[in-house]
Amino acid sequence: MLQPDINPSSYIDYALLDPTASHEQVDRICDEADRFGFASVCVYPCNVKRAKERLFKTRVEICSVIGFPSGATTSTVKLYEAMEAVENGATELDVVINLGWLKTGQTNLLHQDIAQICEESGKPVKAILELSWLSPDEQELAAEVCMDAGVAFLKTGTGWSGAATVEMVKFLKEVSNGKVGVKASGGIRTREQAIALISAGATRLGTSHGVAICQEQ
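So, here's what we can say about the structure. Residue positions are given per chain, counting from 1 as you read along its sequence in written order. Where local features are concerned, this predicted model is filtered to residues with pLDDT of at least 70; where side-chain atom pairs are given and counted, the filter is 80 or more; whole-chain, interface and lining totals use all residues. Side-chain measures were taken over the full set of non-hydrogen atoms in the model, leaving aside hydrogen atoms and water.

Bringing the environment of L197 into the picture now. Secondary structure elements follow DSSP: runs of H or I of four or more residues count as helices, runs of E of two or more count as strands, with numbering from the N terminus. Mapping L197 onto the fold places it in helix 8 (residues 191–200). Relative accessible area serves as the criterion here: at 4%, L197 is assigned to the buried category. Spatially, the C-alpha atoms of L197 and K183 are 9.3 Å apart, while their sequence positions differ by 14 residues. Any two residues whose heavy atoms approach within 4.5 Å at even a single point are treated as in contact. For L197, the contacting residues outside a window of four places in its chain are A164, T165, V166, V169, A184, I188, A202 and L205. Accessible area is worked out with a 1.4 Å probe on protein chains only. A residue is then buried under 20% of its type maximum, exposed over 50%, and partly exposed in between.

Structure below.
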């Protein structure tokens, strides 16, 4: 059931994941995130330090993507990228899982890949599962491995492989059984979409359209 009285702003991870993004664009999304009361800004690691400086003394979290968008870098590289992002000011990490390891049954490597970032960074990790590329069994396995590794959220996908759906969110809510948060990401452009996803169980929304969503009547 939709809950039309929901204010989506506090759920939004305001994303700027355009590889050509300028310093001025980073500054703008930081200012807008503060103005509208978004949960976080989500930027590439190279923009974390600037976001930290811009959001100094605000309540907006600074999220950075790790292993984005493929998840296929080595665990050593992922860990270094995560730790450098934290050193530069990241307070949350969205980490793409290694889909190849998942699909070939190397769940021990997948678990280690995510667990070491959770443990050593000390920050909330959102595991990006890329659900649209997984079978139902693989989706459930990915969620279970990542929760066991210590993630704080399960995330539907990068947004580069399609839109988040209500069905995806309901699945993650069910499989997580309230143990972790659920982040929907990809194709979220309207208030109606945002409310539908939140009503289905999303606790965060990854979108680059946060201002437009919040300005809708």
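This part covers the packing of aromatic side chains. Centres within 6.5 Å make a pair out of two Phe, Tyr or Trp rings, where for Trp the six-membered ring is used; the pair is then stacked when the planes are under 30 degrees apart, edge-to-face when over 60, and tilted otherwise. Applying the stated criterion to the full structure yields four aromatic pairs. Between Y14 and F38 the ring centres are 5.0 Å apart and the planes differ by 65°, which places this aromatic pair in the edge-to-face class. Note that Y14 is positioned in strand 1 (residues 12–16) and F38 in the loop between helix 1 (23–36) and strand 2 (40–43), a separation of 24 residues in sequence. Given a relative accessible area of 3%, F38 falls into the buried group. Consider the rings of F68 and W160, whose centres lie 5.5 Å apart with planes at 90°: the pair is edge-to-face. Of this pair, F68 sits in the loop between strand 3 (61–66) and helix 3 (75–88) while W160 sits in the loop between strand 6 (153–155) and helix 7 (166–176), and the two are 92 residues apart along the sequence. Taken together, Y14, F36 and F38 form an aromatic cluster joined through their ring pairs. Directly above the ring of F153 sits K126, whose terminal nitrogen or CZ lies 5.7 Å from the centroid. Placement of a charge over a ring requires the Lys NZ or Arg CZ to be within 6 Å of the ring centre, with the centre-to-atom vector within 35 degrees of the ring normal.

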